[in-house]
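Coordinate analysis (summary)
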Amino acid sequence: MRTFPVLTLASLLLTGCGSPAPSSPQAVTLGQGGQAWLYVPASTGKGPTASVLLVPGEAGVTPGVKQMAQTLQKQGYRTLVVDLYRGETVGEGDTLDAHIMSRAIDEQQVADDLKRGLEHLAQQPGPVALMGFDLGGAYALEAALRHPEVQLVVSLGGRPITDADQLAPLKAAVLAFYGGKDEGISAESREAFRATLARAGKRLIDLQVLEASGDDLLNPPRGEEDARAIRRILDTLRSELR
């Protein structure tokens, strides 16, 4: 069995825990124009390596997304970050630019890129999870509906699905986090998602509200509330991806 270092608030800054220095991410091409970055952990020599397909939000591949990828890499997960904007960049902190670019996304293109990302990860044996930030959380959940091989989906502020029939194909367990200050997703919507998952007979591991966060929760992580959320994510990955 693999062992994992305990994640403390200080380790969110990716200080070393006596583990080998992680390798730099590798550029990956996904079909016609798709782009991704693969974070490969140090080899443990203890069997198949679990993988995470990480889907950025509307702000693109931010420092917070990269930090999450590096955290997962250091915890032993092969992590593939899909670039939804295929090389185009959002101005740092420019929420209007991010919103405009996200509205222009070709959703079929996103679905194709995530499919190819999962196919790339499947080249090596091991279980796989999907994780996404805000808009990417919605894309991750939708991709899990199409890909029964996914064992876990972690939605970080993604739009909830409240149609039980739409959730019918879902095989993955769900772990969801929402920002208490996110004006785009109401408490009613969150509870409707919880109820719909139950009605559809799907497994909801947990649904947590991070009261200090808006729609950018964990991007980047801030403070002890976010550190507890990341510990919860890592504990869940460890228990589900076996």
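Each chain has its residues counted from 1, following the order in which its sequence is written. In view of the model being predicted, local features appear only for residues whose pLDDT reaches at least 70, and side-chain atom pairs are presented and counted only at 80 or more, with totals across whole chains, interfaces and linings using the full set of residues. Excluding hydrogens and water, the side-chain values take into account all heavy atoms of the structure.

The first and last C-alpha atoms of helix 7 (residues 223–240) sit 26 Å apart over 18 residues, in line with the 26 Å expected at 1.5 Å per residue. The complete set of buried residues in helix 7 reads Asp 226, Ala 227, Ala 229, Ile 230, Ile 233, Leu 234, Thr 236, Leu 237 and Glu 240. Every residue pair with non-hydrogen atoms within 4.5 Å of one another is taken to be in contact. Helix and strand labels come from DSSP, where a helix needs a run of H or I of at least four residues and a strand needs a run of E of at least two; each type is numbered from the N terminus. As for helix 7, its buried residues are in contact with strand 3 (51–55), helix 1 (63–74), strand 5 (128–133), strand 6 (152–156), strand 7 (173–179) and strand 8 (204–210). For a helix, the expected span equals 1.5 Å multiplied by the residue count minus one. Only protein chains enter the calculation, and the probe is 1.4 Å; a residue is then buried if its accessible area is under 20% of its type maximum, exposed if over 50%, and partly exposed in between.

The next subject is the sheet that holds strand 7. Across the sheet, which stays open at both edges, the eight strands sit in the order 1-2-4-3-5-6-7-8 with mixed pairing between neighbours. Strand pairing shows two members of the sheet lacking a second neighbour, strand 1 (26–30) and strand 8, which therefore form its edges. Neighbouring strand axes in the sheet, compared pairwise and without regard to direction, differ in orientation by 20 degrees on average. In the sheet, strand 3 pairs with strand 5 via five bridges, with the strands oriented parallel. For Val 52, the partnering residue across the bridge sits in strand 5 and is Ala 129. In short, DSSP must find at least two bridges between two strands for them to pair. Axis lines are fitted to C-alpha atoms, over the contacting stretch for helices. Their N-to-C directions set the angle, which ranges from 0 to 180 degrees.

Within the fold, Ser 155 resides in strand 6. Judged by relative accessible area, Ser 155 falls into the buried class, the value being 4%. Side-chain atoms alone can form a polar contact between residues adjacent in sequence; in general such a contact is a pair of N or O atoms within 3.5 Å, and within protein one must be able to donate a hydrogen while the other accepts it. At a separation of 3.1 Å, a polar atom in the side chain of Ser 155 contacts the main-chain amide nitrogen of Gly 158. For Ser 155, the contacting residues outside a window of four places in its chain are Gly 132, Gly 137, Leu 175, Ala 176, Phe 177 and Tyr 178.

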